[in-house]
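Chain residues, written in single-letter form:
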Amino acid sequence: MSFLIPNPRLILPARRLALPSSRSTSPRQLLHGAATASATLSSPPSNTVASGVPSSEILSIRDSLLSRRRTASEIAGEYLDRLHKVEPQIRSFLHVSESAMKEAEEVDRMVAAGRELPPLAGVLVGVKDNICTVDMPSTGGSKILKGYRPAFDATAVRRLREAGAIVVGKTNLDEFGMGSSTEGSGFQVTANPWDLSRVPGGSSGGSAAAVSARQCVVSLGSDTGGSVRQPASFCGVVGMKPTYSRVSRFGLMAYASSLDVIGCFGSSIADVAILLNVISGHDRLDSTCSKRDVPDFANELVSLNNLDSKPLKGLRVGLIRETIGEGVDAGVVSAVQAAASHLEHLGCVLNEISLPSFSLGLPAYYILASSEASSNLSRYDGVRYGNQVGNGELSSIYGHSRANGFGDEVKMRILMGTYALSAGYYDAYYKRAQQVRTLIQKCFRDAMNDNDILISPAAPSAAYKIGEKTNNPLAMYAGDIMTVNVNLAGLPALVVPCGFVDGGPAGLPVGLQIIAAAFCEDKLLRVGHIFEQTLQNCRFVPPLYGAT
């Protein structure tokens, strides 16, 4: 019996998951978008097979090196050529390594000498610019840190290098991670590879766009309220936010310390699993880092050839009702409902569930995140950290350095957080937000008692136009409504591309968010891998790739 399921838009059961009538995109239109994207490719990228099922680019590189079909220098050269060709249009990177080719040549010498290759040998990795690197600038996307070079690597970066990875460069972001579109960078605006007039999401938009445009193999981002998952959805790549404390935060520039997590981007689940394996685990330099054992995420993935007709039989899936209602674009709802139907055909037991506290997450998140940012960013004063502006009285140096170094969004969030923490308002805002956080955590625990995973859209819309929401911060904040609750609860979540909506030259990708209980990343990756392999007629390779 064949287990490959046709595009779920063709089998969506009208009896239960009826599509909205007003702005809905038809199955024919969605498939046309996917076909158009495929047709623009000059040749299939190496991480897709004939059926369009993504496979591991990391394992493909390793196999090429071990078999000596290709050298690390050749592979690095191809990626760097593509990076430089599309960078003027995409603007994913704030800094590109000058030593990438030398590191690739060192890998070739290891191969020639017959030495054992580390797991990420020859793999080019992009690193978000709020994650410290000893050999490249780390600015956090802010002018106040322009030119800053740390004296150390973040733990996640150190582990990448120890695993043989080549850090190809530092990717663009909203300043200090405060934003949802990467328009808030202090240096440049990144474009979405699917449509250069649209945002890639944020704050890790540079990391997502770089993977989507095949400028690097995989990348690191950070996720405080959805900054890995929303860009993954907008750019049509896989994004993983691990459980809080699974990955060390040492070397990550703090925005909101109780929410920040380093996450992963890749063009396939397998690549994300391999990357997560490398960077996870206890770190004595981070007192919040968990001592739990790290499973072999990649080794637990089941290949396409070993799946039966109902590979997810009995898995209990809860579709969060509050995420498919008012305020969510009809095309996104259609794609997620179709993905839910796909999971049913894979054997899952699907139920629509309610999280009563869901709507409270967004205001609670912005109070808590802004309050923590107010404290964390106080160190950037031109004396302890940051470029100094002016001279004279200390208060004058502080004022001028911060006024010239911080952007408008950062200033606004610092002011919001300072207000919420001030005497007379602490109980009304910060304390109340912490109480809401506890309520949200309880709601998720209750939901996980009855379901193995929860699903929702990763964002209420597909990628929107650059400049569309810059003058409406409340509308931009509302775009985080699907993701912030997961951070408040400290849970892991995975975003996997699940379909398209109309827009751009070849349609715009939509991501499915899958949520599990704490430290159950292995479950998320197994489910996502099966979903990814059995979804047909969708190839998430942007049309820009064909131009390179």
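Here is what the cut-offs are and how they apply
Within any chain, residue numbers begin from 1 and follow the written order of that chain's sequence. With the structure being a predicted model, the display of local features is reserved for residues of pLDDT at least 70 and the display and counting of side-chain atom pairs for 80 or more, all residues being used for whole-chain, interface and lining totals. Hydrogens and water molecules were not included; the side-chain quantities draw on all heavy atoms of the structure. UniProt positions are given in the numbering used here, feature names are shortened, and annotations may be inferred rather than shown by experiment. To qualify as a helix, a DSSP run of H or I must reach at least 4 residues; to qualify as a strand, a run of E must reach at least 2; elements of each kind are numbered from the N terminus. For the exposure calls, accessible area comes from a 1.4 Å probe over protein chains only, and a residue counts as buried if that area is under 20% of its type's maximum, exposed if over 50%, partly exposed in between. Pairing between two strands requires that DSSP report at least two bridges joining them. Throughout, an axis means a line fitted to C-alpha atoms (over the contacting stretch in the case of helices), and angles, computed between N-to-C directions, take values from 0 to 180 degrees. Two residues qualify as a contact provided that any one of their heavy atoms is within 4.5 Å of a heavy atom in the partner residue. We define a salt bridge as a side-chain nitrogen of Lys or Arg found within 4 Å of a carboxyl oxygen belonging to Asp or Glu. Each angle receives one of four descriptions, namely roughly parallel if under 35 degrees, roughly antiparallel if over 145, roughly perpendicular if within 65 to 115, and oblique otherwise. In this scheme the handedness of a crossing depends on how the near helix is turned from the far one: anticlockwise by less than a right angle means left-handed, clockwise means right-handed. Any residue outside Ala, Val, Leu, Ile, Met, Phe, Trp, Tyr, Cys, Pro, Asp, Glu, Lys and Arg is labelled polar, Gly included; the first ten of those are nonpolar and the last four are charged. Stacked, tilted and edge-to-face are the three classes assigned to paired rings of Phe, Tyr and Trp, where Trp is represented by its six-membered ring and a pair needs centres within 6.5 Å; plane angles under 30 degrees give stacked, over 60 edge-to-face, the rest tilted. Distance and angle both matter: a charge sits over a ring if NZ of Lys or CZ of Arg is within 6 Å of the ring centre and within 35 degrees of the ring normal. As a per-residue measure, pLDDT tells how confident the predictor is, with possible values from 0 to 100. With strands facing away from the observer, any crossover in which the path from the first strand over the helix to the second runs clockwise is taken as right-handed.

Taking an unreviewed UniProt entry as the reference, the protein is identified by name as Glutamyl-tRNA(Gln) amidotransferase subunit A, chloroplastic/mitochondrial belonging to Dendrobium chrysotoxum. Looking at the protein in UniProt, the text filed under Catalytic activity (unreviewed entry) is "L-glutamyl-tRNA(Gln) + L-glutamine + ATP + H2O = L-glutaminyl-tRNA(Gln) + L-glutamate + ADP + phosphate + H(+)". Quoted verbatim from the Function (unreviewed entry) heading of the UniProt record, the comment on the protein is "Allows the formation of correctly charged Gln-tRNA(Gln) through the transamidation of misacylated Glu-tRNA(Gln) in chloroplasts and mitochondria. The reaction takes place in the presence of glutamine and ATP through an activated gamma-phospho-Glu-tRNA(Gln)."

> Where do I start with the UniProt feature "active site" (unreviewed entry) in the protein in this structure?
If you check UniProt for "active site" (unreviewed entry), the listed places come out as Lys-128, Ser-203 and Ser-227 in our numbering. On the basis of their most widely separated C-alpha atoms, the annotated residues across 100 residues gather in one place, lying no more than 11.0 Å apart. Along the polypeptide, Ser-203 turns up in the loop between strand E3 (166–171) and helix H6 (205–212). A residue is classified by how much of its surface remains accessible, and Ser-203, at 1% relative accessible area, is buried.

> Sorry if this is basic, but what is going on with the sheet that holds strand E10 (residues 493–501) here?
Backbone hydrogen bonds are what pair the strands of a sheet, in a parallel or an antiparallel way. Pairing is mixed across the open sheet formed by eleven strands, whose spatial order is E1-E3-E2-E4-E6-E5-E10-E11-E9-E7-E8. One side of each edge strand has no neighbouring strand; the edge strands of this open sheet are strand E1 (93–96) and strand E8 (349–353). Taken over all neighbouring pairs, the strand axes of this sheet differ in orientation by 30 degrees on average, direction set aside. Its contacts with the sheet put helix H13 (residues 427–450) on strand E7 (316–320), E8, strand E9 (453–457) and strand E11 (508–515), and the angle it makes with E9 is roughly 115 degrees.

> I tried to follow the pattern of salt bridges on my own but got confused; where do I start?
Side chains that carry opposite charge are capable of pairing whenever their charged atoms lie near each other. Under the criterion given, the structure shown has 18 salt bridges. Salt-bridge contacts for Glu-409 lead to Arg-413; the nearest nitrogen and oxygen are separated by 2.7 Å. With Glu-409 and Arg-413 both in helix H12 (residues 408–421) and four residues apart, this pair spans about one turn of that helix. According to the relative accessible area criterion, Glu-409 is partly exposed, its value standing at 22%.

> Any chance you could explain the packing of helix H5 (residues 155–162) against helix H8 (residues 269–279) here in plain terms?
Two quantities define a packed helix pair, namely the angle between the helix axes and the distance between the axes. At their nearest, the axes of H5 and H8 sit 8 Å apart, and the two run at 110 degrees to each other. In terms of axis orientation, H5 runs roughly perpendicular to H8. The handedness of the crossing between H5 and H8 is right-handed. Contacts from Ala-156, Arg-159 and Leu-160 of H5 reach H8 at Leu-275, Val-278 and Ile-279. Of the residues contributing to the contact of H5 with H8, the split by class is five nonpolar, no polar and one charged.

> Help me out: how do you make sense of the packing of aromatic side chains in this one?
Centre-to-centre distance and the angle between the planes together describe a pair of aromatic rings. A full pass over the atoms with the stated rule returns 13 aromatic pairs. Between Tyr-419 and Tyr-429 the ring centres are 5.9 Å apart and the planes differ by 55 degrees, which places this aromatic pair in the tilted class. Placement of Tyr-419 in helix H12 and of Tyr-429 in helix H13 is noted, with a sequence separation of ten residues between them. For Tyr-419, a relative accessible area of 40% translates into the label partly exposed. Through pairs of rings, three or more aromatic residues link up here, namely Phe-176, Tyr-380, Tyr-385 and Phe-406. Geometry around Tyr-79 places Arg-82 over its ring, the cationic atom sitting 5.3 Å from the centre. A cation sits over an aromatic face here: Lys-469 above Tyr-464, 4.3 Å from the ring centre.

> Quick question: what am I supposed to make of the environment of Asn-130 here?
In this fold, Asn-130 is placed in the loop between strand E2 (124–128) and H5. A residue is classified by how much of its surface remains accessible, and Asn-130, at 2% relative accessible area, is buried. Distance in space between the C-alpha atoms of Asn-130 and Gly-140 is 4.0 Å, their sequence separation being ten residues. Each residue touching Asn-130, except ones within four places of it in the same chain, is listed here: Gly-140, Leu-173, Ser-222, Gly-251, Leu-252 and Met-253.

> Would you explain the confidence of the model for the protein in this entry?
Low-confidence regions, as indicated by low pLDDT, have predicted coordinates that should not be scrutinised in detail. Averaged over every residue, the pLDDT of the protein is 90; residues scoring 70 or more account for 90%. Across residues 1–51 the pLDDT falls below 50, and counting only partners more than four positions away or on other chains, this stretch makes 108 contacts in the model.

> How should I be thinking about the environment of Glu-87 in this particular structure?
Topologically, Glu-87 is positioned in helix H3 (residues 72–90). What makes Glu-87 buried here is its relative accessible area of 13%. In sequence terms Glu-87 and Ala-191 are 104 residues apart; their C-alpha atoms lie 9.8 Å from each other. In this view, Glu-87 contacts Ser-92, Phe-93, Gln-188 and Gln-215; residues no more than four positions away in its chain are not counted.

> I tried to follow the pairing of E3 on my own but got confused; where do I start?
The two faces of the sheet receive side chains in turn, since in a regular strand these alternate between them. Along E3, six of the six residues are buried, which leaves the element largely enclosed by surrounding structure. Here E1 runs beside E3; their pairing, made up of three bridges, is antiparallel. Counterpart to Val-96 in the pairing with E3 is Gly-169. A crossover links E2 with its parallel partner E3, the connecting element being H5, and its sense is right-handed.

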